[in-house]
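Okay, here's what each chain looks like letter by letter:
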Amino acid sequence: MVITVVNGSPRSNGATATILKEAQRYLAEKDGVQVQYVDLSKLEMRFCKGCLACYRTGKCAIADDEVEAIANKVKASDGIIIGSPTYGSNVSGLLKNFLDRAHFRRLARRADDMEARVSPAAKEVCRDPGNVERETNHLIL
Ligand SMILES: Cc1cc2nc3c(=O)[nH]c(=O)nc-3n(C[C@H](O)[C@H](O)[C@H](O)COP(=O)(O)O)c2cc1C
């Protein structure tokens, strides 16, 4: 089983990283669990330009940075832990841009094609795409 840990803090070694690294250490001790750690602050990441190509093609049109590859790694994972500092009572801009660029909404809309991998909560997201933010909030530390 592969679990991806995503640090959405601009500070690689801040409070968010401390919590996520503890989670990573705990998971790494479990048999059969492989943990991959993604530090968004280290990624070259352009802003989402709102072209909606991801809605049509399932792929981001911006091909000259690392985000699509990282997003694919996340999507191929069995589980994900996302950490973010609170900025203005929300997630960091860094994490928000990653969520936009990674077009997880598109993934959610395809959830019915992935029966075995999708939780009932994710199905609820499909019924009401406006649920995406609320659902993502459950994942954020
Ligand atoms: C721009 C900015 C906005 C913030 N807004 C909030 C906030 O609304 N509420 C809060 O409790 N903390 C807020 N904080 C504090 C951070 O959430 C807090 O310092 C966090 O632990 C930083 O995480 P890090 O060490 O991973 O960078 C803000 C910090 C910054 C830099």
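On a predicted model such as this, the values are computed, not experimentally measured, just so you know.

S.K.: How do you make sense of the overall build of the protein chain when you look at a structure like this?
M.R.: Secondary structure assignment for the protein chain yields seven helices and three strands. Going residue by residue from the N terminus, the α and β elements of the protein chain occur as β-α-β-α-α-β-α-α-α-α. Residues classed as buried in the protein chain amount to 24% of the 141 residues present.

S.K.: I keep staring at the site of the ligand and nothing clicks. Help me out?
M.R.: Surveying the vicinity of the ligand reveals the residues Ser-9, Arg-11, Gly-14, Ala-15, Thr-16, Pro-85, Thr-86, Tyr-87, Gly-88 and Ser-89. Here the residues of the shell around the ligand sort into three nonpolar, six polar and one charged.

S.K.: Could you clarify how one ought to interpret helix α1 (residues 15-28) in this entry?
M.R.: For an α-helix, 3.6 residues make a turn, and residues three or four places apart therefore share a direction. Across its 14 residues, α1 extends 20 Å between first and last C-alpha, which sits within 8% of the 20 Å expected from 1.5 Å per residue. Restricting attention to buried positions, one finds in α1 the residues Thr-16, Ala-17 and Leu-20. Seen along its axis, α1 keeps its buried residues to an arc of 85 degrees; they face one direction. The exposed residues of α1 that point more than 90 degrees off its buried face are Ala-15, Thr-18, Glu-22, Arg-25 and Tyr-26.

S.K.: Help me out: how do you make sense of the pairing of strand β1 (residues 2-7) in this one?
M.R.: As a general feature of sheets, a regular strand has side chains that alternate between the two faces. As defined by bridge partners, β1 adjoins strand β2 (residues 34-39) across six bridges and the pair is classed as parallel. Across the sheet, the residue bridging to Val-6 is Val-38, located in β2. You can see the chain leave β1, run along α1 and come back into β2, and the turn it takes is right-handed.

S.K.: Even after reading the chapter, I still don't get the nonpolar core, so can you show me in this structure?
M.R.: Val-5, Val-67, Leu-95, Phe-98 and Ala-102 are the most contacted members of the largest nonpolar core, which totals 20 residues. The residues touching Val-5, leaving out its near neighbours within four places in the chain, are Leu-20, Ala-23, Gln-24, Val-35, Tyr-37, Val-38 and Ile-81.

About the cut-offs
Residues numbered from 1 in each chain as written. Predicted model: local features only at pLDDT ≥ 70, side-chain atom pairs only at ≥ 80, totals over all residues. Helix = DSSP H or I, 4+ residues; strand = E, 2+ residues; numbered from the N terminus. Buried ≥ 20, exposed ≤ 12 C-beta atoms within 10 Å, placed from the backbone. Near = placed C-beta within 6 Å. Nonpolar A, V, L, I, M, F, W, Y, C, P; charged D, E, K, R; others polar. Expected span 1.5 Å × (residues − 1). Arc of directions from axis to C-beta. Pairing = 2+ DSSP bridges. Right-handed = clockwise from strand over helix to strand, strands pointing away. Core = buried A, V, L, I, M, F, W, Y, C linked by C-beta atoms within 7 Å. Contact = placed C-beta atoms within 7 Å.

Fair warning: the whole summary comes from geometry, so function is off the table for now.
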